[in-house]
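# Chains, contacts and geometry: an overview
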Amino acid sequence: MKKILNNQVVNKFGFVLLLFVLLQIPMTMVSDLISERSYRLEEVRSEIARSSTGEQRIIGPFIVVNFTEVVNHEGKSYFSEHRKYILPEVFNFDTELDSYAKYRGIYQARLYKADSHLTGSFDLNPITAMEPEKINSISMVVGVADSRGLIKLNKMQLDGNTIEVQPGTGLNQIAQGFHTNLDLTQLLALSDNKDAKIKLQPLKFDFSFLLQGMESIQVSPIGKESNIAMRSAWPHPSFTGDFLPISSTISDNGFNAQWVSNNFSSNISQLFEHCMVDKAACAELERRQMGVDLIEPVDHYLKSHRAVNYSLLVITLVFASFFLLELFQARPMHPVQYGFVGLALALFYLLIISLSEHIGFNWAYILSAIASTLLLSIYVGGMLANAKHGRLFGLCLMGLYGLLFGLLQAESYALLMGSLLCFAILSLLMVMTRNVDWYAKSTAHSDVVADVAKGAEVELDNESQ
């Protein structure tokens, strides 16, 4: 053990390892900075949502029937108000999303304008089972998550007739949206014989409106049969909700997706009734949705985080190359030189995050890699007193940065490629040093250090004379 502790190579290796650990302090600071900037981006998006519109969710149309029942209790009669809800037999939703970016300083949020079209039909026969004199009012309701996004109502038709709509829904569970009051007499088309049971024709609806939202839009499959279609020029959709599209196409020109469901697969009618009775039960209804998020595939903050995760590999390789250079060329390097090189490598990641906020991650990475490589090439060339070796080091470092850039772009295979790269590098180092006599290298290293120190003393004596 004493022989090992007195080994100069082991001592140098221990010091380099200590320096490597200390360099994790600035790397941790850079990582914390990335997290802080990423959190600030989420705050800005929330601020934009508060001052503009947030994520949108559409539910409806559905019919609300308000009626009164007489309840006898202990010989007394009471009037009790009730509501009956009728969901569409057929529900079709078609929309085209026109996305755009909204900026606040250097941060941005992705908004969209959805040119939406609701069509379908209702079965009104459940109304005939009710006594007309007990019905107080009937309305058709369409709910949205954020009514500020209702920019324009284009076409509102029932059975081909244009209707007027009013803001709000009159419901506590679904407060925002619009509604229209329906005429009971026109719906029932009663004959003189009020006891006759009339089979009504389906009530068709055709609504078109422009809806603004931010990043996400969801639709509840409210019908017994629901067909939903969404398309956009945005090439990075993330489909959300309890149902994935039955068909979708995604390309650089955008996406096109279609969903189909029915009441047996969605159980929407039961969930809707539970929500209208108890607001706490609406969470399950809200999960029954079909939608899409317009996402950035991997934003520059996430890519910067991933780049920092590979900083251990970069610093290890550079320090290992210096250590092997000392080992094979018997050329001592001062710990301060190791420290400057390590700080230059850490500064590379700070440059990435600061530049990426203005010019994007790819250009930021390229410029940071060039700047870091030039700086270290010049420094290493001077440190080794050999410009050619400095250029060779810079070429190798640029190749390493290029490999890491490829890892960052390969989202699906990043872990596999990174693992194989680490294994290949470790194997190379072990093969290169498999025949090294570390004790002999320690003696040679001590002799070189002594010669350098003796030479320095001679030069000092000559200068003093």
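First, a word on scope: everything that follows refers to the structure included in this document. (Residues numbered from 1 in each chain as written. Predicted model: local features only at pLDDT ≥ 70, side-chain atom pairs only at ≥ 80, totals over all residues. Heavy atoms only, no water.)

Attention now moves to the pairing of strand 11 (residues 216-219). Judged by which residues are buried, strand 11 turns out to be covered on both faces: S216 and Q218 on one side and I217 and V219 on the other are all buried. As defined by bridge partners, strand 11 adjoins strand 16 (residues 290-294) across 4 bridges and the pair is classed as antiparallel. Across the sheet, the residue bridging to V219 is M290, located in strand 16. (Buried < 20%, exposed > 50% of the residue type's maximum accessible area, 1.4 Å probe, protein only. Helix = DSSP H or I, 4+ residues; strand = E, 2+ residues; numbered from the N terminus. Pairing = 2+ DSSP bridges.)

A separate point is the state of the cysteines. Throughout the structure, instances matching the rule amount to 1 disulfide. One disulfide bridge connects C275 with C282, the sulfur atoms lying 1.8 Å from each other. The disulfide joining C275 to C282 has a torsion of about 85 degrees about its S-S bond and is therefore right-handed. (Disulfide = S-S within 2.5 Å.)

Moving on, we get to the packing of helix 12 (residues 361-383) against helix 13 (residues 387-409). At a closest axis distance of 8 Å, the pairing of helix 12 and helix 13 adopts a crossing angle of 155 degrees. Classified by the angle between their axes, helix 12 and helix 13 sit roughly antiparallel to one another. The interaxial crossing formed by helix 12 with helix 13 has right-handed handedness. Together, F361, N362, Y365, A369, I370, S372, T373, L376, S377, V380 and G381 of helix 12 and A387, G390, F393, G394, L397, M398, Y401, L404, F405, L408 and Q409 of helix 13 make up the contact between the two elements. (Axes fitted to C-alpha atoms, helices over the stretch in contact; angles between N-to-C directions. Parallel < 35°, antiparallel > 145°, perpendicular 65-115°, else oblique. Left-handed = near helix turned anticlockwise from the far one by under 90°. Contact = heavy atoms within 4.5 Å.)

This part is about helix 11 (residues 335-359). Along its 25 residues, helix 11 runs 36 Å from first to last C-alpha, staying within 8% of the 36 Å computed at 1.5 Å per residue. Immediately beyond the C-terminal end of helix 11, within one or two residues, lies G360, with a positive phi of roughly 90 degrees. (Expected span 1.5 Å × (residues − 1).)

A word on the pattern of salt bridges. For the structure shown, the criterion picks out 12 salt bridges. Here E357 makes a salt bridge to R37, at a shortest N to O gap of 2.7 Å. Highlighted residues: E357 in helix 11 and R37 in helix 3 (residues 24-51), separated in sequence by 320 residues. The partner of D242 in a salt bridge is R288, and the shortest N-O contact between them spans 2.9 Å. Here D242, found in the loop between strand 13 (237-241) and strand 14 (247-251), pairs with R288, found in the loop between helix 8 (282-287) and strand 16; they are 46 residues apart in sequence, far enough to count as distant. Owing to a relative accessible area of 39%, D242 belongs among the partly exposed residues under this scheme. Several salt bridges converge on common partners, so that one network encompasses D242, E284, R287 and R288. (Salt bridge = Lys/Arg side-chain N within 4 Å of Asp/Glu carboxyl O.)

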